[in-house]
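Spelled out from the first residue to the last, the chains are:
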Amino acid sequence: MYLAGPEVFLADAVEVGAAKKALCGRHGLVGVFPLDAPVEHLDGLPGHEIGLGVFDVCVALMHTCDLAVANMTPFRGPSMDVGTAVEIGYLHGRGTPVFGYTNVAGGYAERVAPDGHTVEEFGLPDNLMAPGVVHRSTGGLPSQPSVAGASSLDVADLTVFEACLLRVVEFVRTHR
């Protein structure tokens with residue numbers, strides 16, 4: 001199961017990835033964190049080639065997974081991490097089941113600053129395309145905190161991630 005999300009940018013990314021994989025294991029699932037893939041072969045390349053090489057490594061890693069869980073918590077703005085959005089779109093396009101969660105309760109429109117342009121007000125946790133992937137892929141919207149008004153921008157908070165894993169376990173049980 002591919003573990004998409006902005007955790008790869010955290011100072012303690014390796015530790016957070018290990019914690020997420022341990023939670024997966026407790027639920028009988030195998031988590032694959034993007035930083036699990038070796039990238040030593042990219043050492044010494046120019047910056048843009050390293051970036052494109054990391055892209056290739058992540059795509060190859062996604063191909064080894066039969067489903068995905070994405071952390072859709074807003075990161076560096078009112079919306080989810082753009083790299084994670086690309087990953088879930090790619091996986092959905094391949095027919096891979098995608099689950100998602102966000103640590104921020106409430107809708108996308110509540111977080112977007114008024115700027116004179118239209119803001120979609122569908123009550124979804126992010127731009128309609130991202131929760132649309134999750135809903136059309138696995139039949140539900142991204143998991144959110146159960147307490148109305150709860151908000152945590154701590155992308156490493158694993159409470160809602162674990163609630164999402166329970167949905168994954170049920171999905172796997174009924175679809176295998």
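## So, the pairing of strand β2 (residues 68-71)
Piece 1. Burial along β2 is two-sided: Ala68 and Ala70 facing one way and Val69 and Asn71 facing the other are all buried.
Piece 2. Note: strand β1 (residues 2-4) against β2, three bridges, orientation parallel. Residue pairing across strands places Ala4 opposite Ala70, the latter belonging to β2.
Piece 3. With four bridges connecting them, β2 and strand β3 (residues 98-101) associate as parallel partners. In the strand pairing of β3, Asn71 is matched with Tyr101.
Piece 4. As for the winding sense of the linkage, the β-α-β connection from β2 through helix α3 (residues 82-93) to β3 is right-handed.

## A closer look at the packing of aromatic side chains
Piece 1. Summed over the entire model, instances satisfying the criterion amount to three aromatic pairs.
Piece 2. A ring pair is formed by Phe9 and Phe75, whose centres lie 5.9 Å apart and whose planes are at 15°; its orientation type is stacked. Here Phe9 is found in the loop between β1 and α1 (13-26), whereas its partner Phe75 is found in the loop between β2 and α3, with 66 residues between them in sequence.
Piece 3. In this structure Phe9 comes out as partly exposed when scored by relative accessible area, which is 46%.
Piece 4. Taking relative accessible area as the criterion, Phe75 reaches 16% and is therefore assigned buried.
Piece 5. Ring geometry for Phe99 against Phe171: centres 5.2 Å apart, planes inclined by 85°, an arrangement best described as edge-to-face. In this pair, Phe99 is assigned in strand β3 and Phe171 in helix α6 (residues 159-175), connecting sequence segments 72 residues apart. Accessibility assignment for this pair places Phe99 and Phe171 in one class, buried.
Piece 6. The lysine or arginine in question, Lys20, covers the ring of Phe161, its NZ or CZ lying 4.5 Å from the ring centre.
Piece 7. Above the plane of the ring of Phe9 lies Arg76, whose end atom (NZ or CZ) is 5.1 Å from the centre.

Thresholds applied
- Residues numbered from 1 in each chain as written.
- Predicted model: local features only at pLDDT ≥ 70, side-chain atom pairs only at ≥ 80, totals over all residues.
- Heavy atoms only, no water.
- Buried < 20%, exposed > 50% of the residue type's maximum accessible area, 1.4 Å probe, protein only.
- Helix = DSSP H or I, 4+ residues; strand = E, 2+ residues; numbered from the N terminus.
- Pairing = 2+ DSSP bridges.
- Right-handed = clockwise from strand over helix to strand, strands pointing away.
- Phe/Tyr/Trp six-rings, centres within 6.5 Å; stacked < 30°, edge-to-face > 60°.
- Lys NZ or Arg CZ within 6 Å of the ring centre and 35° of its normal.

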